[in-house]
Amino acid sequence: FVSSYAYARFEARLILNPNSRLFLFYDQGFTNNVVTNITDQPRGFGVGMMLDTGKGDLQLVYALGVSGQQSLSLIQSKIHIGYVARF
């Protein structure tokens, strides 16, 4: 829990067609908890792609992050797979 926060995201996209793209992203946050007097600046970055499959959109994303409680580690990376069907 935090008392205040700020968040920004930067994303570069390579548009392949109207529903397909490759992208790189960087997230930066700032948190402040006035009760515990702890501030943190979590960051995340990664790569991804969204592909038009004809029946929907398939999204694959690989991301890494670092914060005051978590060091940068490939073991703690995340893979997200999503699918949005069109019918």
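Now for a quick tour of the structure. As the structure is a computational prediction, the values presented were derived from the model and not from experiment. (Residues numbered from 1 in each chain as written. Predicted model: local features only at pLDDT ≥ 70, side-chain atom pairs only at ≥ 80, totals over all residues. Heavy atoms only, no water.)

1. A look at the overall build of the chain
Along the backbone of the chain there are zero helices and six strands. Ordered by position from the N terminus, the helices and strands of the chain form the series β-β-β-β-β-β. For the chain, whose C-alpha radius of gyration is 16 Å, the value lies well above the compact-globule estimate of 12 Å for 87 residues. Each principal axis of the C-alpha atoms in the chain carries an extent, and together these give about 50 × 25 × 20 Å. Burial status across the chain gives 25% buried among its 87 residues. Expressed as a percentage of contacts within the chain between residues at least 6 apart in sequence, the contacts between residues at least 24 apart total 37%. Taking the 7 positively charged and 5 negatively charged side chains of the chain as two groups, their mean positions are separated by 3 Å. (Helix = DSSP H or I, 4+ residues; strand = E, 2+ residues; numbered from the N terminus. Rg over C-alpha atoms; globule rule 2.2 N^0.38 Å. Buried < 20%, exposed > 50% of the residue type's maximum accessible area, 1.4 Å probe, protein only. Contact = heavy atoms within 4.5 Å. Lys, Arg positive; Asp, Glu negative; His and termini not counted. Charge placed at Lys NZ, Arg CZ, Asp CG, Glu CD.)

2. A short note on the pattern of salt bridges
A complete count under the given rule lists five salt bridges for this structure. Of the charged contacts, one joins glutamate 11 and arginine 9 as a salt bridge, the two residues approaching to 3.2 Å between their closest N and O atoms. Its relative accessible area of 31% is what places glutamate 11 among the partly exposed residues. Here aspartate 27 ties to arginine 9 by a salt bridge, and the two come within 3.5 Å at their closest N and O atoms. Pair noted here: aspartate 27 is in strand β2 (residues 20–33) and arginine 9 is in strand β1 (residues 4–17), with a separation of 18 residues, a long-range link. Bridged by salt links that share partners, the residues Arg9, Glu11, Arg13 and Asp27 form one connected network. (Salt bridge = Lys/Arg side-chain N within 4 Å of Asp/Glu carboxyl O.)

Don't take any of this as a statement about function, it's just geometry.
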